[in-house]
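# Observations on the model geometry
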Amino acid sequence: MAGGRIRSKLKLSLLYTFGCLRPTTVEGQEPQPIQGPGFSRTVFCNQPHMHKKKPLRYRSNYVSTTRYNLITFFPKSLYEQFHRAANLYFLVAAILSVFPLSPFNKWSMIAPLVFVVGLSMMKEALEDWRRFMQDVKINARKTCVHKSGGVFRQRKWKKISVGDIVKVEKDEFFPADLLLLSSSYEDGICYVETMNLDGETNLKVKRSLEVSLPLDEDESFKNFMATIKCEDPNPNLYTFVGNLEYERQTFPLDPSQILLRDSKLRNTTYVYGVVVFTGHDTKVMQNSTKSPSKRSRIERTMDYIIYTLLVLLILISCISSSGFAWETEFHMPKMWYLRPDAPENLTNPPSPIYAGVVHLITALLLYGYLIPISLYVSIEVVKVWQASFINQDLHMYDDESGVPAQARTSNLNEELGQVHTILSDKTGTLTCNQMDFLKCSIAGTSYGVRSSEVELAAAKQIAVDLEEHGEISSTPQSQTKVFGTWDSSRTQEIEVEGGDNNYHTPRAPIKGFGFEDIRLMNGNWLRESQPNDILQFFRILAICHTAIPELNEETGKYTYEAESPDEASFLAAAREFGFEFFKRTQSSVFIRERFSGSGQIIEREYKVLNLLEFTSKRKRMTVIVRDEEGQILLLCKGADSIIFDRLAKNGKTYLGPTTKHLTEYGEAGLRTLALAYRKLDEDEYTAWNSEFSKAKTSIGSDRDELLETGADMIEKELILIGATAVEDKLQKGVPQCIDKLAQAGLKLWVLTGDKMETAINIGFACSLLRQGMRQICITSINPDGVSQDSKRVVKENILNQLTKAVQMVKLEKDPHAAFALIIDGKTLTYALEDDMKYQFLALAVDCASVICCRVSPKQKALVTRLVKEGTGKTTLAIGDGANDVGMIQEADIGVGISGVEGMQAVMASDFSIAQFRFLERLLVVHGHWCYKRIAQMICYFFYKNIAFGLTLFYFEAFTGFSGQSVYNDYYLLLFNVFLTSLPVIALGVFEQDVSSEICLQFPALYQQGTKNLFFDWSRILGWMCNGVYASLVIFFLNIGIIYSQAFRKGGQTADMDAVGTTMYTCIIWAVNVQIALTMSHFTWIQHVLIWGSIGLWYLFLALYGMMPPSLSGNIYRIFDEILAPAPIYWMATLLVTVAAVLPYVAHISFQRFLNPLDHHIIQEIKYYKRDVEDARLWTRERTKAREKTKIGFTARVDAKIRHLRSKLNKKQSNLSHFSAQDAMSPRSL
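Residues numbered from 1 in each chain as written. Predicted model: local features only at pLDDT ≥ 70, side-chain atom pairs only at ≥ 80, totals over all residues. Heavy atoms only, no water.

In the annotation of an unreviewed UniProt entry, the entry for the chain reads Phospholipid-transporting ATPase, and the organism field reads Arabis nemorensis. Entered under Subcellular location (unreviewed entry) in the UniProt record, the comment concerning the chain runs "Membrane". We quote the UniProt Catalytic activity (unreviewed entry) comment for the chain here in full: "ATP + H2O + phospholipidSide 1 = ADP + phosphate + phospholipidSide 2." (UniProt positions renumbered as here; feature names shortened; annotations may be inferred.)

The next thing to look at is the nonpolar core. In terms of nonpolar packing, the biggest core is built from 113 residues, with Y967 and Y1064 touching the most fellow members. Both domain 2 (289-371) and domain 3 (375-385 + 925-999 + 1033-1155) contribute no fewer than three residues apiece to this core. Beyond its immediate stretch of four places on either side in the chain, Y967 contacts F948, T951, L952, L972, G1060, M1063, Y1064 and I1067. Grouped together as the second largest cluster of nonpolar side chains are 62 residues, M396, A759, L876 and F911 included. (Core = buried A, V, L, I, M, F, W, Y, C linked by side-chain atoms within 4.5 Å. Buried < 20%, exposed > 50% of the residue type's maximum accessible area, 1.4 Å probe, protein only. Domains from an automatic or database assignment. Contact = heavy atoms within 4.5 Å.)

This part takes up the packing of helix α25 (residues 918-958) against helix α30 (residues 1017-1042). A pair of packed helices can be characterised by two numbers: the angle between their axes and the separation between those axes. Close contact between α25 and α30 brings their axes to 8 Å; oriented N to C, the two are set at 40°. As for the relative orientation of α25 and α30, their crossing is right-handed in sense. Split by residue class, the contact of α25 with α30 holds 18 nonpolar, 4 polar and 1 charged. (Axes fitted to C-alpha atoms, helices over the stretch in contact; angles between N-to-C directions. Helix = DSSP H or I, 4+ residues; strand = E, 2+ residues; numbered from the N terminus. Left-handed = near helix turned anticlockwise from the far one by under 90°. Nonpolar A, V, L, I, M, F, W, Y, C, P; charged D, E, K, R; others polar.)

With that out of the way, let us pick up the sheet that holds strand β31 (residues 819-824). Spatially, 9 strands are ordered β14-β35-β34-β33-β15-β29-β32-β31-β30 in an open sheet, and the strand pairing comes out mixed. Two strands lie at the open edges of the sheet, namely β14 (406-407) and β30 (774-778), each paired on one side alone. Across 3 bridges, strand β29 (residues 747-751) lies against strand β32 (residues 849-853) in parallel orientation. Residue pairing for β32: V750 is matched across the bridge by I851. The strands that α25 touches are β15 (419-424), β33 (874-879), β34 (893-897) and β35 (911-913); relative to β35, the one it contacts most, it runs at about 140°. (Pairing = 2+ DSSP bridges.)

In this section: the environment of Q1074. On the secondary structure map, Q1074 appears in helix α31 (residues 1056-1078). On a C-alpha basis, the gap between Q1074 and V1141 in space is 6.2 Å, while along the polypeptide they are 67 residues apart. Once residues lying within four places of it in the same chain are set aside, the contact partners of Q1074 are Y940, Y943, W1023, N1026, V1141 and Y1144. There is a polar contact of 3.3 Å between the side chain of Q1074 and the side chain of N1026. (Polar contact = N/O pair within 3.5 Å; in protein donor to acceptor, adjacent residues only side chain to side chain.)

A separate point is the pattern of salt bridges. Per the stated rule, a full pass over the model turns up 49 salt bridges. The closest approach of N and O atoms between E605 and K607, which form a salt bridge, is 3.4 Å. Overall, E605 belongs to the partly exposed group, its relative accessible area being 25%. Ionic contacts of the salt-bridge type, sharing partners, join the residues R618, R620, R646, D712 and E715 into one network. (Salt bridge = Lys/Arg side-chain N within 4 Å of Asp/Glu carboxyl O.)

Moving on: helix α17 (residues 734-743). Along α17, 10 of the 10 residues are buried, which leaves the element largely enclosed by surrounding structure. Listing the buried residues of α17 in full gives V734, P735, Q736, C737, I738, D739, K740, L741, A742 and Q743. G745 lies just past α17 and shows a positive phi near 90°.

This is how it looks when you write it as structure tokens:
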């Protein structure tokens, strides 16, 4: 608290010019009244009771992200279940089974349906319960709320109302959207972290109105009353329009006074605010989307298969009913045993149409086994097992945080294997939110020998790739030696030609400082050729900022609370170089300068005269100070393109080498800034400051323009001193993961709230961007006004940019050319409108990578929706903050990262992982496996049910469409429940075409899912035809073998039960042998379940036959007395089984010989151990297994190799040319 009081004495608004200046009110210039559509909200401050009645009764602060509640669960969940075609059919069948026309017992239809639907509903309820518990946790948070009489009490968030006065303390989240009234600082400044809103880690500065500054303690709110009139709830995070009416005056409000829910108070002891928006009216909730009900593409395709089978079912039922009507009218009068003289309703020859219609119901139920009732429940069981394998995968367990991967829903397992586009957040997802000062260029000399993570990983990949191609020279001097692993740990080093290890000295890691170069450390910079320039460089680092120092009593070192991580890393670097910023007062900054290794320390004071802070438009920051000698200095840092344009003629001494170094730093994936300075005369500064002060105190729409003009007047004639290179530290393994995903054929879009420059630097860091890649930047012009004509001009300009870009991409003839699309949020607002969004999408699809900057959570969701609906391909969104929830819910698959930004993204996700790098295994391994398992499982399900169900139709036709089943009722019940269900579950749970290591080594295998090779209609129809063939073979071969000859030793023929049991035995053998041929990977579990299912059939047949005739009926002793002693039974089983699976064996044999798939080749190589015997063959196959990609390390390496080969060819061509000229010279002649 003491530190807070010390800092509170600073009037920080004096440090800011553009964002936080509070202009004085000019008489006669009153705020415009807020009225009209969209501006109807009225808030009575400190009077929440006024908002309990309409029309001022606003939403409560209770938030809910669940899909159901107690009232809607059953109707909505039942709708979801019976939205499935098969479940709807079984519901109708269960209702019809109650009537006497059913050929089966009613419970045989009702019980499975209740079990399947109930299990699915329980799973949905469990998943929604987790969301509910997270909501309860958030709603139960507490904050201080003004009760009455200047007394504040703790109150739960959900009980906060519009108009309440809230006191929020340091490091607490804001419970609602608040209007800032005052803070612990005298001038009402506070720092806010908006990471959960826009993903940015740098702190935002907010300011209160000057009129509310006296409200700085609890007692001051005893009689406080005011009225706010403002805009209605909307999702715009960066805008706010309103007025505050207080003490008979009206004051304008803007976004700099609004504290948004889910942002956090930082570096400020406390703030007071009044609640403006609550609950789902807050801007963060307005940006959220409802939790959707997601279904995989395979499941949706499965519905169409069900529809196809329903059409087939109705067709054969109509044939059956027509046949029965024909038999009733023409043949039944001759069937004396049916008593045609005393007919029943169903066998009345004069009424064949009635008999046919009634028989149709019987047929629909009888042939219902064409529709696999156990399909959905089997899939649910399989998916739960698959999800448990994902949860227990130790390769996706993060040791540092102790967080495993988690499949939060099992509905989308197979969808993981069909992803086409990944849409990723940046901050906290790709990066660690940690900046390290790594390199710098001072006076034309580059310092810093430590390699960036991009350089380390790229060098290793180049070495591996060159070795695979056999292109590494055996000459030691020409080799690039790489030590370390893909983990890119800090101990890794790259030894390159000409490297000097004397520049490197090991030391303990320092947060924000990864620099290593003995030339600048411990005062050694004094021995460099330009020590004065180096001194000026260090002083710029230590002075040009807005940070606040805080002493760490444990270490004795100062840490810094800065607006951006870059600033904090600069100050850490200055401290380590010997220039420690340790104190800030209202008008000065104090630096401890250590000039040598001896430890001599000099404290210097620099008076801050002006500060022109960094904005996304200015792209630079300037501080004007007066040193102890009275010299006025202008110190500036910013984007190189901005700084270079403002250099004096004599300030370009180091421009050439600095530009070269900046290019090298950019290639290494580092974020760069140029540093420059200027000495000012007293008269020049006094004249400029007078004009600039007028601009600061002006009021009007042109104020910002006047400030920009004033800044430009002084920020010129600069002297370039050098540049910094900071590494935005990527999460462990991010570049390698992106490279592997690119090799698997996936596209990656980055959607971030960060500035364009930051996003571009990260793009280079993770190889989404690279040197030589053409960047297409789509930006919007600044309109002169807000009229419709101005907006039309902006839209036409953006459309023109899109059109030209599309033409440029299409006209490009170089097959290796790569394009990157970069667009900001303001431009994206127009690009996502209906009349332009498909042109934007067409361009984005043709580009190798897409980066969207400064986007709001709502825009993230809209972009995700556009990609999903516009391409028709599977999309995956991944993020770690509340600002990513919208796109996570909108995408086909949402993946949340359990990082430092809370659990909102995880709670809204379908899958959660601890770090981005685990996405590689989640997709390439588990996605590939789950897709093939589910696809093969469903195809096999339809195969076996068609093979079984059609035999019922053939037999009914064979017996005059009598409605008679050839199988015993218990056979029908056992078929899907026991005898064929367990092997198919084993297929869905344990099948592996290749191992996980092979999946990672051959990422192109993933394209089998993206191209849907195993569940397209040709594959589905092929399995259906296989089922039809098997049914024909099973029925007609059995009838042909058994019908016209003796079945038993005594000459007895087979009765219907013997025929049915023999036929059923053949079906059990055929479908189980078929699934054994389908599997590629066997364990003892598969063997037990497949062959055990066949054994279970014989065991059941023997035991059931031993029961008394009152229970077993015609099956009494059928196995041991009739079937087992008959050789024809065993011969028919063998012959029919072989004939039933013969086409599949022939198909798979021809495919493996003539047109093998990728996994067939790999399986054969592994089976014959060719990978061990011939390493070159294995390496060649791995190289071929990469999808052609233009992003990632592989693309960067390929581009580097092409560049080296081009240079080599050019040298050889020049040598040949000179040799030819030399041969033609007179001397040679």
